[in-house]
There are 4 protein chains.
Amino acid sequence: MSLGIGIVGAGVMGGDHARTLSRSVHGARLVALADADRERAAAVAAEAGGPRLHAEGRALVEDPQVEAVLVASPDATHQELVLACLAAGKPVLCEKPLAPTAAACLDIVAAEVKLGRRLIQVGFMRRFDPGYVAMRAALAEGRIGAPVMMHCLHHNAGVPPWFDAGIVVTNSAVHEIDVARWLLDDEFVAVSAFLRGTDGGAPGDRQFLVLETRRGVLVDVALFLNARYGYDVRAELVGETGTVALRPQAPAELRQAGLQAIGLAPDWRAHFAAAYVNQLQAWVDAIRRGTPTGASAWDGYVASATADAGLEALRTGGRTAIALQPRPAFYGG
Amino acid sequence: MSLGIGIVGAGVMGGDHARTLSRSVHGARLVALADADRERAAAVAAEAGGPRLHAEGRALVEDPQVEAVLVASPDATHQELVLACLAAGKPVLCEKPLAPTAAACLDIVAAEVKLGRRLIQVGFMRRFDPGYVAMRAALAEGRIGAPVMMHCLHHNAGVPPWFDAGIVVTNSAVHEIDVARWLLDDEFVAVSAFLRGTDGGAPGDRQFLVLETRRGVLVDVALFLNARYGYDVRAELVGETGTVALRPQAPAELRQAGLQAIGLAPDWRAHFAAAYVNQLQAWVDAIRRGTPTGASAWDGYVASATADAGLEALRTGGRTAIALQPRPAFYGG
Amino acid sequence: MSLGIGIVGAGVMGGDHARTLSRSVHGARLVALADADRERAAAVAAEAGGPRLHAEGRALVEDPQVEAVLVASPDATHQELVLACLAAGKPVLCEKPLAPTAAACLDIVAAEVKLGRRLIQVGFMRRFDPGYVAMRAALAEGRIGAPVMMHCLHHNAGVPPWFDAGIVVTNSAVHEIDVARWLLDDEFVAVSAFLRGTDGGAPGDRQFLVLETRRGVLVDVALFLNARYGYDVRAELVGETGTVALRPQAPAELRQAGLQAIGLAPDWRAHFAAAYVNQLQAWVDAIRRGTPTGASAWDGYVASATADAGLEALRTGGRTAIALQPRPAFYGG
Amino acid sequence: MSLGIGIVGAGVMGGDHARTLSRSVHGARLVALADADRERAAAVAAEAGGPRLHAEGRALVEDPQVEAVLVASPDATHQELVLACLAAGKPVLCEKPLAPTAAACLDIVAAEVKLGRRLIQVGFMRRFDPGYVAMRAALAEGRIGAPVMMHCLHHNAGVPPWFDAGIVVTNSAVHEIDVARWLLDDEFVAVSAFLRGTDGGAPGDRQFLVLETRRGVLVDVALFLNARYGYDVRAELVGETGTVALRPQAPAELRQAGLQAIGLAPDWRAHFAAAYVNQLQAWVDAIRRGTPTGASAWDGYVASATADAGLEALRTGGRTAIALQPRPAFYGG
């Protein structure tokens, strides 16, 4: 039988997940959807196979038809909902951030360790993007030798006015932090931050981070969140004998008006469409097989703690050490 | 409830379809698999959710749990199985060719017209490839103006020894014939064929076709089936004001050993992996919605009749007119 | 001492050559320029080091300061000027065509053979283009195996209203004819031509040629002379084990307005700028060394005779054999 | 008449310049060559038109046939030779560095200012590379808006064993320093340096610099001098509305052995071959016209002072301010 999924949140992300689940994922069906805004919940439900509606996430978690929960509600609700899923013994895929602070993430980690069963996955979908997967395979196959540096670029076409320098790190750079850790199988020990002047753009919409890993790899991240020309995410891993880089994914190329061109995605949803589908399919498959996959609660904590050090580096303008708690044996090597 | 699918044929194509259906398609489940070779049927079944096994395609078609049939058995069996599906009133997705001759295709067309209900889809998966879909969209959006020419290239890394000049047309070029008709929404009226000398390669493994459409578009197809360096399919549509072309789809780019490179697919299965998933999902969705999509039996006939004219052009070395039967109103447009 | 060059013709091509010679070529100086239009001759001369002006090409050829002649005057004058250069014993680089007919080209060939000294080069500048040179090197180094097919595309953004179907072959396709012969070191034996309907465009502005060589290589040429989006010349040589293709030569890539793009050249002068400089430098070097290089009078004849067969194929719509005179031993291999 | 050039140094760079001057530059001739190693001087002279040989650079500077001097001798000799050229009133193109220290560069600047005539050009050839020139044009034409960041990558396939962390900055990064100043028309005010662990490679062969300009643009430079896979120089300028990047310059693309690939240059000489030709032609043209162009002695000083700050940042591991002397009005803007 297919797995009964409940989604908390019918906003942009929740709506996308609902449609993906009900159209492109094998072995699962959307059985419940929760959102305080009944109207938008009903609209999403109509497009996604008509799941039962809940006004509250907690009620959805406790719905007996819901076998696994996808949390796509506002950030402030994540911690409570994830803990509720642990209490209910239900697997949960939680959009980042797992919790508002690194300390709160550690509480969740402790709860999961105590439970003794991996139920939590954090929605770092880049781990399921075909480009990053190919980069990791190239590294594993020895095609580029041992890692030396990694260069990342993260441009948004624009961001909401309430974005500030801190949110850029915790909301945007956190994706590079997680995917670089995963690609390199390494941990960050220090971060330096450079903030460009704020003329014209939102405060802090252009930042440059340099992270250093335990094994000495330098990872730089160029962030520019009002780049206007389009959404653009790039990454190149430089090894001792070669490099591997993401490649733009346009299916066709145009020649017109004096140009030979490919189109860029307007935003992260189009850019990472395949990653989102693959993430959901892998999550469903993992639950059905009983083998956890994807970013764990521990990964969520590390991303949060590393981003916090990035914030500190932004404040002080200097190199900031990253102090992580020891990794519980529960989360493996 | 999900749609119960039966697959006839557990060879390379049938096995791929079985795995795709049982892993990546929403709303369907593989309920039956038929193959005279019990061992390979059992091996595929073990990987694909354990469908019931049949020794014969006819038995599978009549299996009451089977709501729709996918025909991936040897070419010689297609006609009979498709007619059996029509008799049973079950939707069928049939790998090309629909039947061994254009005349036999017409018989199937007549049977479907008589039934008065669209049940047949031919497995021209390129219509579901993101690249061709993007080309068609570019044309529809007016980005390149009215079509002028289309250039196609179809290279295989190698072909079985039993391939001959005729099979190159009916097995390989037939894909370009179908996808060009679909892209251009036009019909071919003549074809010329050029056969390069056979030194070194299989007889007729390198051919060049020039097709002409009713509206005057020239479509050329370069075929080379022992190209060794890899599988390579390309297409570019030239319009009055611009062009749109397929773009290689490697997710990552390597720099190593003095080269900046992307990998090419080893064969059509890897190259068209997304097309096959999209084709199956679209087929399942169409059946559940009741709206036929994809290549029809009529399209299967036209592809066959056009390929036959290509064979004639190969034999005579001259320009051959393509005479099609009138299109039944049943198939629209 | 540097070589004294005279240029006949101060139009677009003559002006370009004059500027190139006086700015970018080592070992030569422009000493004379001839054009019936004194005003434009004076304008070019002012930009190109102030050569002496002649009203007539014949006078320039006889000017004792002129050691070598570049013919860039109207096509109708080429034959007479080239013969005058032979008579004067002066090396000549003549823009194509060498003469108005294949027969007239043969007269020139006979005159050069009688003289017993290679003085004539035809301005097939593509032989000096870095892209075609790299393709030839790849073939010579065995990187793609023996040639199988060659695909050529030749798009102009627009052509003068007096262009017609015949001129497309003799003026445009003739470049592909020469460069393919040179790349393949092979000779064409037959040509077929396909003319697309003339709706909207100039008569015959879209043509498709298929040429066959003595060794069985198929060379196709897609011509579209009102392609509007820009000037576009492409070529790919397919061998038994790989392919080599021209690559667009934009020095920089832009991301703007939702596109990742490179610019296309507006016309052949920008596209082949490096080829023109290299051709002139190689011509000057060859004269100073005494070793002829570049396309010979014989190559000019073959290009003309092959283009004539193309015209015949256009007229008849069928496959036309190419009958060449035997090659004089004087022109080697 | 053509300009008489003397070259000091018949090593790799001097030899290349000699061949370029005597083969590809209009309006100049190589009249003299100086090197203490008579044998290698004679070998270069034989390939480069047979210039007169000198054992000493000073003697060449004073040779009355020498109208302009190209200094390509060991770094330690640059300062003395450039000052000798100033004394002799002869234009000089000096390979970087202009002098061993920033202070010594300032002495040269002072001498040129006192002379009151621009005679010195520093050999920052990237300013003449078609890629960087196109980037600068894109910025000037407003295609990317105001500059935000610039990302640079500089990989060598290998470096001599005597390279150390300091030399990486002064020898390699100094090129990015100069070309970024020129592109941005801006000055650096601070630099931070990150040194990756030295396991496996030469000490300091992998560095990462972050430079900040007066107007707030962040310029990062990734250096890896034993990258093995090939020589690789990249740059991308990110503006408020778009980006412009260097594009690899291979003339042809190969498909073979499962790859679609372009070749990378083995070293900087192949990569910047066009830049070197353009630099020499522009230098000769500028001397003949009397209008200085290219990097001035002042630019040489700034590059040196900025690289010194980079060395300091490497030593201290912190952000280092760059303190420049005030720019003499003599050097404009």
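Residues numbered from 1 in each chain as written. Chains lettered and ligands numbered in written order. Predicted model: local features only at pLDDT ≥ 70, side-chain atom pairs only at ≥ 80, totals over all residues. Heavy atoms only, no water.

Counting all residues, the mean pLDDT for chain A is 95, and 98% of those residues have values of 70 or more. The ipTM for the predicted assembly is 0.95, set against a pTM of 0.96. (pLDDT = per-residue confidence, 0-100.)

When the UniProt feature table is mapped to this numbering, "domain: Gfo/Idh/MocA-like oxidoreductase N-terminal" (unreviewed entry) covers residues 4-123 of chain A. Within the segment residues 4-123 of chain A, helix and strand shares are 45% and 21% respectively, and the terminal C-alpha atoms sit 19 Å apart. (UniProt positions renumbered as here; feature names shortened; annotations may be inferred. Helix = DSSP H or I, 4+ residues; strand = E, 2+ residues; numbered from the N terminus.)

All names here are of chain A. Taken domain by domain, chain A consists of domain 1 (3-125 + 275-295) and domain 2 (127-271 + 302-321). Between the C-alpha centres of domain 1 and domain 2 the distance comes to 26 Å. Each partner contributes residues to the interface: domain 1 has 19 residues there, and domain 2 has 14 residues. For the pair domain 1 and domain 2, the summed buried surface comes to about 1,400 Å²; carbon and sulfur atoms form 61% of the total. Among the residues of domain 1 in contact with domain 2, Lys96, Phe124 and Met125 are the three that bury the most area, contributing 39% of the side total. Counting across the interface, domain 1 meets domain 2 through one salt bridge. If you look at where domain 1 meets domain 2, you find nine residue pairs in polar contact (both at pLDDT 80 or more). Residue assignment for the side of domain 1 that touches domain 2 shows that the elements contributing at least two residues are helix H1 (12-24), helix H5 (102-115) and helix H9 (273-289). In terms of residues, the side of domain 1 that touches domain 2 owes the most to one element, H9, which gives five residues. A class-by-class count of the residues in the side of domain 1 that touches domain 2 yields ten nonpolar, five polar and four charged. (Domains from an automatic or database assignment. Contact = heavy atoms within 4.5 Å. Buried area = accessible area lost by both parts, 1.4 Å probe. Salt bridge = Lys/Arg side-chain N within 4 Å of Asp/Glu carboxyl O. Polar contact = N/O pair within 3.5 Å; in protein donor to acceptor, adjacent residues only side chain to side chain. Nonpolar A, V, L, I, M, F, W, Y, C, P; charged D, E, K, R; others polar.)

Here we come to the interface of chain D and chain A. Between chain D and chain A, the residue contacts involve 36 residues of the former and 36 residues of the latter. Across the interface of chain D and chain A, roughly 2,700 Å² is buried in total on both sides, 61% from carbon and sulfur atoms. Among the residues chain D hides against chain A, the three largest losses belong to Phe194, Arg196 and Glu240 of chain D. Together they make up 24% of the total. At the junction of chain D with chain A, the criterion picks out six salt bridges. A salt bridge links arginine 228 of chain D to glutamate 240 of chain A; the shortest N-O distance between them is 3.5 Å. Linking chain D with chain A are six residue pairs in polar contact (both at pLDDT 80 or more). Elements with a minimum of two residues in the side of chain D that touches chain A: strand E7 (147-155), strand E8 (188-195), strand E9 (206-213), strand E10 (218-224), strand E11 (232-239) and strand E12 (242-246) of chain D. In terms of residue count, E7 of chain D provides more of the side of chain D that touches chain A than any other element does, six residues in total. For the side of chain D that touches chain A, the class distribution of residues is 15 nonpolar, eleven polar and ten charged.

For the match of chain D to chain C, the screw axis carries a shift of 0.0 Å, the RMSD comes to 0.0 Å, and the turn is 180 degrees. Such a combination of rotation and displacement between the chain copies is what one expects of a two-fold axis. Rotation axis and chain D: the residue whose C-alpha lies nearest the axis is histidine 26 of chain D, separated from it by 2.2 Å. Here 100% of the interface residues in chain D have copies in chain C that are interface residues too; the copies meet face to matching face. (Least-squares fit on C-alpha atoms with pLDDT ≥ 70 in both.)

Before going further, it helps to examine the pairing of strand E13 (residues 252-256) of chain B. By the bridge criterion, five bridges tie strand E12 (residues 242-246) of chain A to E13 of chain B in an arrangement that is antiparallel. When the sheet's bridge partners are listed, leucine 246 of chain A is paired in E13 of chain B with alanine 252 of chain B. Between E13 of chain B and strand E14 (residues 259-263) of chain B, which pair antiparallel in sequence order, lie two residues; one of them, alanine 257 of chain B, sits at a positive phi of approximately 50 degrees. (Pairing = 2+ DSSP bridges.)

Here we come to the pattern of salt bridges. A complete count under the given rule lists 96 salt bridges over all chains for this structure. With a shortest N-O distance of 3.4 Å, aspartate 232 of chain C and arginine 255 of chain A are connected by a salt bridge. Taken together, the residues aspartate 232 of chain C in strand E11 (residues 232-239) and arginine 255 of chain A in strand E13 (residues 252-256) connect one chain to another. A salt bridge links aspartate 178 of chain D to arginine 181 of chain D, with the nearest nitrogen and oxygen atoms 3.9 Å apart. Remark: arginine 181 of chain D and aspartate 178 of chain D occur in helix H7 (residues 165-184); sequence separation between them is three residues, near one turn of the helix. Aspartate 178 of chain D gets classed as buried once you look at its relative accessible area, which sits at 1%. When salt bridges that share partners are traced, they join Asp16, Arg19, Arg23, Glu47 and Arg269 of chain A into one network. (Buried < 20%, exposed > 50% of the residue type's maximum accessible area, 1.4 Å probe, protein only.)

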